[in-house]
Amino acid sequence: MKSQIGRSVLRKDAPDKVHGRVRYTDDLRLPGMLYAALLTSTVAHANITQIDIEAALELQGVQGVFTGKDFPLLVGLYLGDKPALARNKVRYYGEPVAAVVADDERTALEAVRLISVHYEELPLIRSPREALQQDAPLIHPDMADYVHIPAILPEPGSNVGHRTRVRKGDAAAAFAQADVTIEGQYEFPPGDHVAMEPRVAIAEIRSDGQVIIRSSTQSPYGVRAIMSRCLKIPTGKITVIAGPVGGGFGGKAGIQLEPLAYLLSRSLGGQPVRLANTREQDMVTSPGAPGLQSRVRLAARSDGAITAAEIEFLFDSGGYADYAVNVARAAGYACTGPYNIPNVSSDSLSVYTNHPFATAYRGFGHIEMSYCIERSIDLLAEKLQMDPVELRARNVIRAGHATPTNDVLDDNTGDLETCLRRAAAAIEWHKGSRRQINEHTVRAKGVSCYWKAPAIPTFTDAAATVSFNEDASVNVVTGAVEIGQGIFTGIAQLAAERLGIDTEQVHVVDEVITDRSPHDWTTAASRTLFMVGRAVLSAIDDAVAQIKRTAAAPLRCPEEDLEVRGGRVYIRDVPAHGLALEQVVLGYTYPNGNAIGGPIIGRGKYIARHLSGIDPKTGEGRPGLEWTLGAEGVEVEVDLRDGRYRVLRSACSMDVGTVINPQLARGQVVGAMAMGIGYTTREAFMFDSRERVLNQRLRDFKILRYGEHPEYIVDFVETPQRDGPYNARGLGEQGIVGMPGALASAFSRAVGVQLLRLPITPEYLWRQTHSAGGRSAG
Amino acid sequence: MISYDIVYLRPDSVAEAVAAWQQACEEGLQPAFLSGGSELLTAARENRSRPGALIDLKRIDELGAIVQTDEALCYGSSVTLTRLCQQSGFQLLSQAAGRVADRTVRNSITLGGNVCGMLPYRETLLPFLVADGSASIAGPDGTRSEPLARVFNKRLRLQSGELLVSLAAPQSAVGAASFYRRRERDGRIDYPLLTLCAVAADSTLRIAVSGVYAYPLRSLEAESALQAAGGDPDRRAAAFVEALAEGVRSDMRAAADYRRELLRQVVAEAIRELEGSV
Amino acid sequence: MKRYQGLCEIGLTINGRARRVTLRPADTLLRTLRDTLGLVGTKMGCENGDCGACTVLLDGLPVKSCITLTLDAEGREVTTIEGLRDSVIQQAFVEAYGFQCGFCTPGVILNAYALLNHDNNPSAETMRSWMESNLCRCTGYEPIENAIKLAASKLR
């Protein structure tokens, strides 16, 4: 049997996906199902003075019309700040104000039109900096009463939902002694994930009170836990069912439409209620990616050694906290990027504004942080007149160095310098970083380094069970959700490798049902292959031990002499002497009919090792389980006359420990780079003067299209992660993290001005080119 | 989903379509002519417009024809943009049609729908504007043919109940040297910041643009200014832009000054490219 | 002149089979396929003609079913993803890892299928002009490009 590791096994879900046979949550139609539709806020910040629902209630087919006063409990992922429907006040454009439930969707939609709402508009907060001003209006005046988890530190009486402080060494002293310092201020607006499947949840309550939630979610267990905590339902009375998800990118992590769907069902005797986003609602009513305002100062010696960093990240969490508080925390603990900086002072805040609220987004704090840090390194390189690749290489973090939270990296740390050199080589950095093609066209290159560790609770877990069929094929059940990443294929490869069989013989159950699949934290944070993978391997080992126990008697040998491989259990030194697994996995039957053993069920589990909370004053602690390090390089071509550009090539070199499936791994990295190009160049909400989103349609909110993609160059370095499954570490998000920095660097080089904000559009490039200092086409 | 009820009418002839409009109005249905449907159906889903009756013009044979005579090429209003793109016989029209929306949607969008739609761009009109084309319009009083110079002012001036039967371009203009450019904010599947069609005819440059204003525009004043201005193409292009009215669009896609600069550059390109032909 | 109002019953030809459906004239083909006929392989991504997830073939040409009235399909051949079985293009998407989450995939595959029927040796620009009608958020498009090239090479 060839090794299953490092092989491009075809995806398990391929046949159904190419035939349109996968059943996503939106494809389900349950008997007796009712349809909900939302009325959403047309203003960004206002008191609701009156809601008139009479006309809607009278429409035939309407089963109920609900407003905030019907559902008084607050729900929140970390910080319980959000009503299921706005109560008394709306805090962002698009916030749900009323819900109609009707016999069919069109009746629900028609009824929504019959509801009238009167608003008394309130002063607006348009940015985190505005929110922090002394006299800024409070978006959540009741913050002191909100329930929150201990790791989140809200500051009542302000608009600060959370602050992560990092104090390492003595930054002030280092700045005082620095040869060179630079400062950069950066900003970008909020955006959206644009998963192709809009979010949807179907809730029903059985007669025995069991709450059944079907949802397009990355977090079936998270949904269960949060609903239990916030809505006072015993956990065991909630079952969450998560089938395949049509793209997540963080936007379906945490809690989404599920509580409202449940409340609507509960109000209607438990009948199934389907709550599905339109695309426009998915863009603004449900949460997106956070915006940021930031300031970074770096201090360095003249030889390029960075001695200190002073960093401020102000995350725009929008009207509610959701994941943004933890995004700010992740940016805080990772605040220097993958550089060894001995003295750090950093404050990372999640700040309320009157924008659509923000949640996890691919890269989770690290993509935002990375943009600011990589730009700052470029500013420093410019000031030092050093090659930006060499400056980075001079400062890369390595095993033995301490992270900003003073966590010393061990030997499992990837080899960033090699990644950097390889990414630079891939774009032929040595041949020059800027080249004039003709009178008005230039090609320019940029590089960046990145790192990312999962932002997870210290007790993040995973589990798996394996059972066997009569043909000795294996069933693997985990709590992992297939969101496109190919996790079931990866799991099958790990299980097959451990058993020495073909992946065809491994069946991964492709639907998570929380009361029968083993517990799993969440399919997010690029931790699933690592943690669920570990759990699966441990379940296989458990099953193998049981197989040996059963087989030892008929094979008349000690268990420890047995080996399980290739569908057989046999004596290690006499391989011919053995049994087919078919004879063992459901129990062994002797020729005379006596039977022993019984069906084998392997149990496996994993829980994060050595993670700790971080000190609220200094940030000291170990928040990151494993850091994936890498570097990216891009080349762009810009027409200086009008700022039009093409991204010509995009290279990523990443230290992933072990590549389990080269094609799946490449797919993750390429997809992430594409998303990073969109993030950098176009994916941003635009607001009118009253902070209403202008581009909530895909016609106006642009993501990359076919033909706009560059040549992708993907390269993996394999420094073993010894505690990972077959030495592998996470790679799902990392490819996006360095893209904004690399692209902004290339674009800056092209136009001759350091670009400090996103998105970098042709118009922005044109303005900068023709600004003072820009390389006007002349 | 379109949540309200619509009466759908499928006439077999232009006369039936016109009669259907009258009838629907009498029934109080607030009818709309349906051609490609991409704008109408999305607007109806969002309740931005709620016509009570849709009169589907797509199965009227007469509207689906491309007719070539010695004098002109005539395009039925139900011809899809994909067809125009592939077999219009009028390069400028093929180019303009070929960049509206995306290819799949162009299999649905029709010439008439694009020209008579609610959006400010209506790019397939531009080739007819620079060709000094004409429109055939059907209404209760029969069908009339009008030069665009008379019926087009910011939009086709159709009376209530009238429908566009066809647009025609004279062969002289169809064969003239032409120039087409389109500029978008970033990706090309987007509304244009600027679409420019130009032909060199009668020793002048005729130029029509979309995206710059809230309507397609051909400005004879600006064309004259270009003609009158001396110097290199950049100076003449600047003269063209100078002569245009105020009110260049500034919206989420681009600010007015950027649009004006794109226009100046593209006009200069047009001059350079067509110079030999003028 | 035909007139439809209220609930109507019409015949449609879908994937080569005659089907009878009851509909409202305002129903889009997307809604009829998914909600009435249960052909849920056709996906609702934006209902605004922007994303291409709902792409089906009408007389062999790709259209976005969210901006097509069902009545428009009367008398025409509708092909949905359920109408393609183990086709060369589908197999190529499997072999080239031409999808991840799979939500855009039915629309992408139908468009690519129509493209290759039109031209089994498409230039890069022809591929772009067809395939840029479909948004994909997962793949970065390279695997889709590879899948179409693979299928084209098998079809030639």
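Please read all numbers here as calculations on a predicted model, not as lab measurements.

Notes on the packing of helix α3 (residues 105–118) of chain C against helix α5 (residues 142–155) of chain C
All names here are of chain C.
Thinking step 1. Running from N to C, α3 and α5 cross one another at 35°; their axes reach a closest spacing of 11 Å. Our pair here, α3 against α5, has a crossing hand that is right-handed. Residues Val-108, Ala-112, Leu-115 and Leu-116 of α3 form the contact with α5, whose own contacting residues are Ile-144, Ile-148, Ala-151, Ala-152 and Leu-155.

A few points about the pattern of salt bridges
Pairing of side chains with opposite charge becomes possible as their charged atoms draw close.
Residue and element names in this part refer to chain B.
Thinking step 1. The tally for this structure, following the rule as stated, stands at 106 salt bridges over all chains.
Thinking step 2. Between Glu-184 and Arg-99 there is a salt bridge, with its nearest N and O atoms 2.9 Å apart. On the criterion of sequence distance, the pair formed by Glu-184 in the loop between β11 (178–183) and β12 (194–201) and Arg-99 in the loop between α4 (91–97) and α5 (103–106) is long-range, its members being 85 residues apart.
Thinking step 3. When its relative accessible area of 8% is taken as the criterion, Glu-184 is described as buried.

Some thoughts on empty space enclosed by the protein
If you roll a probe as big as a water molecule over the atoms, it shows you where there is empty space left.
Residue and element names in this part refer to chain A.
Thinking step 1. Using the criterion set out here, one finds 9 cavities of 30 Å³ or more in the structure.
Thinking step 2. Empty space within the largest cavity amounts to approximately 670 Å³.
Thinking step 3. Forming the walls of the largest cavity are 41 residues, and the residues nearest its centre are Gln-485, Ser-526, Gln-668, Gly-732 and Glu-733.
Thinking step 4. Of all the elements in the fold, those that place two or more residues in the lining of the largest cavity are α13 (487–499), α14 (528–552) and α15 (662–681).
Thinking step 5. The residue inventory of the lining of the largest cavity, partitioned by class, reads 21 nonpolar, 16 polar and 4 charged.
Thinking step 6. The computed volume of the second largest cavity comes to approximately 260 Å³.
Thinking step 7. In terms of lining residues, the second largest cavity is bounded by 20 residues, among which Lys-82, Ile-255, Gln-256, Leu-257 and Phe-357 are the most central.
Thinking step 8. Looking at the lining of the second largest cavity residue by residue, the class counts come to 13 nonpolar, 4 polar and 3 charged.

Looking at the sheet that holds strand β10 (residues 180–188) of chain A
Residue and element names in this part refer to chain A.
Thinking step 1. Spatially, the 5 strands line up as an open sheet ordered β9-β17-β16-β15-β10, and their pairing is mixed. Bordering the open sheet on either side are β9 (160–168) and β10, each of which pairs with just one other strand. Adjacent strand axes in the sheet meet at a mean angle of 5°, parallel and antiparallel pairs treated alike.
Thinking step 2. Inspection of the sheet shows β10 paired to strand β15 (residues 291–300) by 9 bridges, in the antiparallel sense. Within β15, the residue paired with Gly-184 across the bridge is Val-296.
Thinking step 3. Across the sheet, helix α9 (residues 324–333) is in contact with β9, β16 (306–318) and β17 (343–352); its angle to β9 comes to roughly 10°.
Thinking step 4. Against the sheet, helix α10 (residues 366–384) contacts β10, β15 and β16, and its axis sits at roughly 145° relative to β10.

Some remarks on the interface of chain C and chain A
Thinking step 1. With 47 residues of chain C at the contact, the number on the chain A side is 57 residues.
Thinking step 2. Carbon and sulfur atoms supply 55% of the area buried between chain C and chain A, which totals about 4400 Å² over both sides.
Thinking step 3. Looking at the side of chain C facing chain A, the largest losses of area belong to Tyr97(C), Gln100(C) and Arg137(C), adding up to 21% of the total buried there.
Thinking step 4. Connecting chain C to chain A are 8 salt bridges.
Thinking step 5. On the surface where chain C and chain A come into contact, there are 28 residue pairs in polar contact (both at pLDDT 80 or more).
Thinking step 6. Mapped by element, the contributors of at least two residues to the side of chain C that touches chain A are α1 (29–36), α2 (88–95), α3, α4 (124–131) and α5 of chain C.
Thinking step 7. Ranked by residue count, the leading element in the side of chain C that touches chain A is α2(C), at 4 residues.
Thinking step 8. For the side of chain C that touches chain A, the class distribution of residues is 21 nonpolar, 11 polar and 15 charged.

Some thoughts on the packing of aromatic side chains
Thinking step 1. The final tally for this structure, using the stated rule, is 27 aromatic pairs over all chains.
Thinking step 2. Measuring from ring centre to ring centre gives 5.7 Å for Tyr213(B) and Tyr215(B), while their planes differ by 15°; the resulting arrangement is stacked.
Thinking step 3. Connected via pairs of aromatic rings, a cluster forms that spans Tyr186(A), Phe188(A), Tyr361(A), Tyr371(A) and Tyr679(A).
Thinking step 4. Above the ring of Tyr320(A), the side-chain terminus of Lys82(A) is found at 5.7 Å from the ring centroid.
Thinking step 5. Across the ring face of Tyr764(A), the terminal group of Arg757(A) is positioned such that the distance to the ring centre comes to 4.1 Å.

Thoughts on the pairing of β11(B)
Residue and element names in this part refer to chain B.
Thinking step 1. Most of β11 sits inside the fold, with 5 of its 6 residues counted as buried.
Thinking step 2. Across 6 bridges, the pairing between β11 and β12 is antiparallel. Bridge assignment links Tyr-180 to a residue of β12, and that residue is Cys-197.

Overview of the domain arrangement of chain A
All names here are of chain A.
Thinking step 1. What the domain assignment reports for chain A is domain 1 (31–121 + 194–284), domain 2 (291–456 + 613–769) and domain 3 (460–607).
Thinking step 2. When each unit is reduced to the centre of its C-alpha atoms, the spacing between domain 1 and domain 3 is 40 Å.
Thinking step 3. At the interface, 19 residues of domain 1 touch 19 residues of domain 3.
Thinking step 4. Surface buried jointly by domain 1 and domain 3 totals about 1400 Å² across both partners, of which 54% is contributed by carbon and sulfur atoms.
Thinking step 5. For the pair domain 1 and domain 3, the number of links is 0 salt bridges.
Thinking step 6. Taken together, domain 1 and domain 3 are joined by 9 residue pairs in polar contact (both at pLDDT 80 or more).
Thinking step 7. Listing elements by their share of the side of domain 1 that touches domain 3, those giving two or more residues are α6 (220–231) and β13 (238–242).
Thinking step 8. The biggest single contributor to the side of domain 1 that touches domain 3 is β13, with 5 residues.

Some thoughts on α4(C)
Thinking step 1. When α4(C) is considered as a whole, its buried residues turn out to be Met127(C), Arg128(C), Ser129(C), Trp130(C) and Met131(C).
Thinking step 2. Looking at the buried residues of α4(C), the elements they touch are α5 of chain B together with β5 (61–64), α3 and α5 of chain C.

Re the interface of chain B and chain A
Interface size is commonly expressed as the accessible surface area that is lost when the partners come together.
Thinking step 1. Between chain B and chain A, the residue contacts involve 28 residues of the former and 27 residues of the latter.
Thinking step 2. Interface area for chain B against chain A, summed over the two sides, is near 2500 Å², with a carbon-plus-sulfur share of 47%.
Thinking step 3. Summed over the shared surface of chain B and chain A, the number is 8 salt bridges.
Thinking step 4. Broken down by secondary-structure element, the contributors of at least two residues to the side of chain B that touches chain A are α2 (38–45) and α12 (256–274) of chain B.
Thinking step 5. Element by element, the count of residues in the side of chain B that touches chain A is highest for α12(B), at 5 residues.
Thinking step 6. For the side of chain B that touches chain A, the class distribution of residues is 9 nonpolar, 5 polar and 14 charged.

Comments concerning the side chain of Ser215(A)
All names here are of chain A.
Thinking step 1. By the secondary structure assignment, Ser-215 is in strand β12 (residues 211–215).
Thinking step 2. Of note is the side chain of Ser-215, whose polar atom sits 2.7 Å from the side chain of Glu-258.
Thinking step 3. Non-local contacts of Ser-215, meaning those with residues more than four positions away in its chain, are made with Thr-25, Val-200, Ala-201, Ile-241, Ala-242 and Glu-258.

Definitions and cut-offs
- Residues numbered from 1 in each chain as written.
- Chains lettered and ligands numbered in written order.
- Predicted model: local features only at pLDDT ≥ 70, side-chain atom pairs only at ≥ 80, totals over all residues.
- Heavy atoms only, no water.
- Axes fitted to C-alpha atoms, helices over the stretch in contact; angles between N-to-C directions.
- Helix = DSSP H or I, 4+ residues; strand = E, 2+ residues; numbered from the N terminus.
- Left-handed = near helix turned anticlockwise from the far one by under 90°.
- Contact = heavy atoms within 4.5 Å.
- Salt bridge = Lys/Arg side-chain N within 4 Å of Asp/Glu carboxyl O.
- Buried < 20%, exposed > 50% of the residue type's maximum accessible area, 1.4 Å probe, protein only.
- 1 Å grid on protein atoms, 1.4 Å probe; cavity = no way out; pocket = protein on both sides within 12 Å on 5 of 7 lines; lining within 4 Å.
- Points joined across faces, edges and corners; volume = space filled by probe spheres on them.
- Nonpolar A, V, L, I, M, F, W, Y, C, P; charged D, E, K, R; others polar.
- Pairing = 2+ DSSP bridges.
- Buried area = accessible area lost by both parts, 1.4 Å probe.
- Polar contact = N/O pair within 3.5 Å; in protein donor to acceptor, adjacent residues only side chain to side chain.
- Phe/Tyr/Trp six-rings, centres within 6.5 Å; stacked < 30°, edge-to-face > 60°.
- Lys NZ or Arg CZ within 6 Å of the ring centre and 35° of its normal.
- Domains from an automatic or database assignment.

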